[in-house]
Amino acid sequence: MSTATLPQRAAPWLALRFALREIRSGLRGFYVFIACIALGVMAIAGVGSLSASLTNGLSREARVILGGDLSVSLIHREASPDELRYLNAQGTVSQTAAMRAMARTQSGDASLVELKAVDARYPLLGHVTLKPDMKLADAITERDDVFGAAADPTLLARLNLKVGDKITVGNATFGIRAEIDGEPDKLSIGIGFGPRLMVSEPALRASGLVQPGSLVRWQYRVALRDADADDRRIDELRADVSRKFPDAGWEVRTRNNASPMLERNVERFTQFLEIVGLTALLIGGVGVANAVKGHLDRRRDTIATMKALGASGTRIVRVYLTQILLLAAMAGVIGAVLGAVLPFAVTGLFGAIIPLPIEPAVHPGQLALSAIYGLLVACSFALWPLGRAHDVPVGALFRDAVAPQPARPRRRYIAAVIAMSAILAALSVVLAYDKRVALVYVGAAAAVFVLLRLVASGLMAIARQLPRARSTVLRMAIANIHRPAALTPTIVLSLGLGIALLVTVIEIDGNLRRQFTAALPQKAPSFYFLDIPSENATGFSNFIKGLAPAARLEDVPMLRGRIVSARNVPADELKPSQDAAWVLQSDRGITYSDGVPAGSHVVDGQWWGSDYDGPPVVSFEQKIAQGLGLKIGDPVTVNVLGRNITATISNLRRVDWESLGINFVMVFPPSVFRAAPHTHMATLTYQGGGSVSEEGAVIRAVAAKFPMVTTVRVKDALDSIGSLVGNLVLGIRAASAVTLLAAGLVLGGALAAGHQHRVYDAVLLKTLGATRRRLLAAYLIEYLMIGSATAVFGVLSGSLAAWLITTNLMNLSFQFSALPALVATLAAVALTVVLGLLGTYRALGQ
């Protein structure tokens, strides 16, 4: 009985019955299909689950991370009596002060420290854990006229100290009574350039480091009396704080945004990882198309028989689409399960060394979303080869073994492919943290697929137009590139994507390392000197010039200010670009100057005269101004020392940030801050770089002569940044390995899919007298030609992507690293040749 005469009620289940019967016969040819889908789904599910676990952990520990329900921080000054009375009326208040300082040993060694002074109520939430185990109050209290301190183990190692030893900070001597093993609010503070030293508030005042204009950050944490206050009450309190003290200039945070920078970084890195997962899925989609086409080729006789018995083209497509969806669902389940395990695996393996509150859990929403991505990719790439089988007549199916007839599927299948791809792209954009980046990614992915298909078509066209070669081996190799059912498009697509991604990662890695380990130290200052008292600025400069006469000293006045509004729009209502948002996130360094600062030049507007004494004006950095939507003539209000100053933008500057010299986003005329208390900062630059002994001598001499001045050795700061960059690049490499693995699987699957054609060719050609050596030589030349042409495109496109990311997103200079890119390309081409010849060698044995 033909399928056309089946009862209507059986028709809906017929496709499922046939699909299950096909699957029961084995999964031959679908292993790459399953692996590609499972790998991509695992990446997306794992990243989503890990991100959700971290977000939940941050939310659960938000009060502990922040140190209370509300936090307000001020730079330069302490809270006024009125401000303190208001905060105390809301709940229990704890005051801390943080600044950078120099710790000195009795032997003269010195080290930069992140000094944190706490009161008796600290911490309001959580616990400071010390070694040996003791209360924080006992560790930092004054005893026998010596203040106590708790130190980071790194400080002890750096200065060769142990618990019980003494150090000097400013004018105060401290006895180290414990090592810091845990700090509950560490994540809300951010990353410092020196190890932590925790002392009492009276000790900080006794050190003499707190002077007018000193870079001290005073922070006030408030634990509400109503501990169960909901988020709405917290947000109302935040608005009330800003409304009652509009000129305070403080940064207000609540437990709802305990660590905004960390949360933003988590979201951004999550988006990057999700893009990597989507890339793996898209590359895997090529494997899906190969697997479906190969499966239909193997089932050619079955399809012809079904059509001969009356099955319609729609019925054929429905049967095999059902089979594809079942396999994609199975692969999605495998990937989702592996992704769900990832947060638990990360916590179990690295929980002790990752300072983040990850709360592992199963997140059904993330898992379902990743499975949907897998099904969409499977449908998008499977419908084309499935639709092609709809209208092929029975006779053509049998002839397809020797005379393949490429044909486009019906319009409805083309429309379905476009619809699935559009849904996938829309989902990627709508759910993205940064929709602009997601749109660029979707456009770039589409462009790369089109370009690679054009490269393949161009390569085949060139091979088709080449003159007939005299060498039989060369003639066979060229014919294999452009013949019907050639592997050229599939190899170019999978290999091109893999090489492009590999080169992109290598180039970004190389440029980041060059920026922070090679190029910058050659032109960067050797030291930054902070908190130089204004009255001692001249004496300090003379001292440094006598200490290092061959080095160049640059000295500028410095204050800290917070942008309150711009263009008469409050700062929290501005919509800055991603590159300029950091300027509004906290207070910024500002300065004043008669002339244009070194390392910058005016690109728009006019600089004020040396004797300017008119209304407040300001010079703004050009790119930041553009990111904030500012132009010459716009007003900008900055809060400095609790006073709002509104200045008009008089000119825009372009700044060479890479020099690491003293540069500021905002520069004012001297008349604006003539009476304001402030300090100076300076840089010291050795021509050609200073030796270790010279730099060590400077640190010791400055620490002894000017104990209030903080010395930051640039190499140490760069080492800290380099460590962060190294960890970031390591994460990028690990994440990209998923995509590269998918590309390798697709490449191997593509070559395996061509095995049947290779067997047919080998048998026919050997019958005509071809030797195994000649056939291997022909295949070797074919793979080398395809691989080399694809490698050129991969290197160019990968380098272009790396250049765009490095210059536009990271704002760094770009330098092409030829050798690593060449090595990676040669390795990828060699992999293609090896995999191809392995499959070919098997075919030659038949």
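Structure: see above.
Rules used throughout
Residues numbered from 1 in each chain as written. Predicted model: local features only at pLDDT ≥ 70, side-chain atom pairs only at ≥ 80, totals over all residues. Heavy atoms only, no water. Axes fitted to C-alpha atoms, helices over the stretch in contact; angles between N-to-C directions. Helix = DSSP H or I, 4+ residues; strand = E, 2+ residues; numbered from the N terminus. Parallel < 35°, antiparallel > 145°, perpendicular 65-115°, else oblique. Left-handed = near helix turned anticlockwise from the far one by under 90°. Contact = heavy atoms within 4.5 Å. Nonpolar A, V, L, I, M, F, W, Y, C, P; charged D, E, K, R; others polar. Expected span 1.5 Å × (residues − 1). Buried < 20%, exposed > 50% of the residue type's maximum accessible area, 1.4 Å probe, protein only. Arc of directions from axis to C-beta. Core = buried A, V, L, I, M, F, W, Y, C linked by side-chain atoms within 4.5 Å. Pairing = 2+ DSSP bridges. Polar contact = N/O pair within 3.5 Å; in protein donor to acceptor, adjacent residues only side chain to side chain.

*Asks:* Help me understand the packing of helix α15 (residues 411–430) against helix α16 (residues 435–465), please; the structure alone is not making it clear to me.
*Replies:* To describe two helices that pack against each other, one gives the angle between their axes and the distance between the axes. In the contact formed by α15 and α16, the axes pass within 8 Å of each other and the chain directions differ by 155°. In terms of axis orientation, α15 runs roughly antiparallel to α16. Every pair of crossing elements has a handedness; the one defined by α15 and α16 is right-handed. The segment α15 lies against α16, with Ala425, Ser428, Val429 and Val430 engaging Lys435, Ala438, Leu439 and Val442. Broken down by class, the residue content of the contact of α15 with α16 amounts to six nonpolar, one polar and one charged.

*Asks:* Which parts of the structure should I look at to understand α15?
*Replies:* Within an α-helix, residues lying three or four positions from one another point in the same direction, as the helix has 3.6 residues per turn. Compared with an ideal rise of 1.5 Å per residue, which puts 20 residues at 28 Å, α15 spans 28 Å between its outermost C-alpha atoms and is within 8% of the ideal. The complete set of buried residues in α15 reads Tyr413, Val417, Leu424, Ser428 and Val429. Along the axis of α15, the buried positions cluster into a sector of 150°, meaning they face one direction only. Away from the buried face of α15 by more than 90 degrees, exposed residues Arg411, Ile418 and Val430 are located.

*Asks:* Can you walk me through the nonpolar core in this structure?
*Replies:* A general feature of soluble globular proteins is that nonpolar side chains tend to end up buried together. Counting residues in hydrophobic clusters, the biggest one holds 73 residues, and the most contacted among them are Phe33, Ile37 and Leu386. Excluding anything up to four places from it in sequence, Phe33 contacts Val288, Ala291, Ile324, Leu327, Ala328 and Ala378. Of all hydrophobic cores here, the second largest spans 43 residues; its members include Ala149, Ile176, Ile234 and Leu237.

*Asks:* For this particular structure, what's the right way to read unusual backbone geometry?
*Replies:* Residues apart from glycine generally show negative phi values, whereas peptide bonds are mostly found in trans. The omega angle of the peptide bond from Tyr122 to Pro123 is -10°, so this bond is cis rather than trans. Topologically, Pro123 is positioned in the loop between β3 (110–118) and β4 (129–131). At the junction of Lys131 and Pro132, the peptide bond is cis and its omega measures out at 0° in the coordinates. Of note, Pro132 is situated in the loop between β4 and α5 (136–140). Of note in the backbone geometry, Asp145 takes a positive phi value of approximately 65° without being a glycine. Looking at the secondary structure, you find Asp145 in the loop between α5 and β5 (147–151). Under the relative-accessibility criterion, Asp145 is labelled exposed at 72%. With a phi close to 55°, Asn160 is a non-glycine residue in the positive phi region. Positionally, Asn160 belongs in the loop between α6 (153–158) and β6 (166–169). Judged by relative accessible area, which is 71%, Asn160 ranks as exposed.

*Asks:* Could you clarify how one ought to interpret the packing of helix α19 (residues 537–547) against helix α21 (residues 692–705) in this entry?
*Replies:* Taken N-terminus to C-terminus, the directions of α19 and α21 make an angle of 150°; their axes are 11 Å apart at the nearest point. With respect to their mutual orientation, α19 and α21 come out roughly antiparallel. For the pair α19 and α21, the sense of crossing is right-handed. For the pair formed by α19 and α21, the contact residues are Phe540, Phe543, Ile544 and Leu547 on the first element and Val698, Ala701, Val702 and Lys705 on the second. Looking at the contact of α19 with α21, its residues break down into seven nonpolar, no polar and one charged.

*Asks:* Just checking my understanding: could you explain α16 for this structure?
*Replies:* The end-to-end C-alpha distance of α16, which contains 31 residues, comes to 44 Å, matching closely the 45 Å that a straight helix rising 1.5 Å per residue would cover. For α16, the set of buried residues is Ala438, Tyr441, Ala445, Phe449, Leu452, Ala456, Leu459, Met460 and Ala463.

*Asks:* Got a minute to help me understand the pairing of strand β7 (residues 172–182) in this structure?
*Replies:* Looking along a regular strand, one sees side chains alternate from face to face of the sheet. Counted residue by residue, β7 has eight buried out of 11 residues, so it is predominantly covered. Pairing geometry for β4 and β7, over three bridges, is antiparallel. Paired with Leu130 across the strands is Ile180, a residue of β7. Two elements, β5 and β7, share five bridges in a ladder whose sense is parallel. Opposite Gly148, over in β7, you have Gly175 as the bridge partner.

*Asks:* Hey, could you run me through the side chain of Asp634 in this one?
*Replies:* Turning to its location among the elements, Asp634 is positioned in the loop between α20 (622–628) and β17 (635–640). A polar atom in the side chain of Asp634 sits 2.9 Å from the backbone nitrogen of Lys631. Excluding its chain neighbours within four sequence positions, the residues that come into contact with Asp634 are Arg567, Gly629, Ala647, Thr648 and Ile649.

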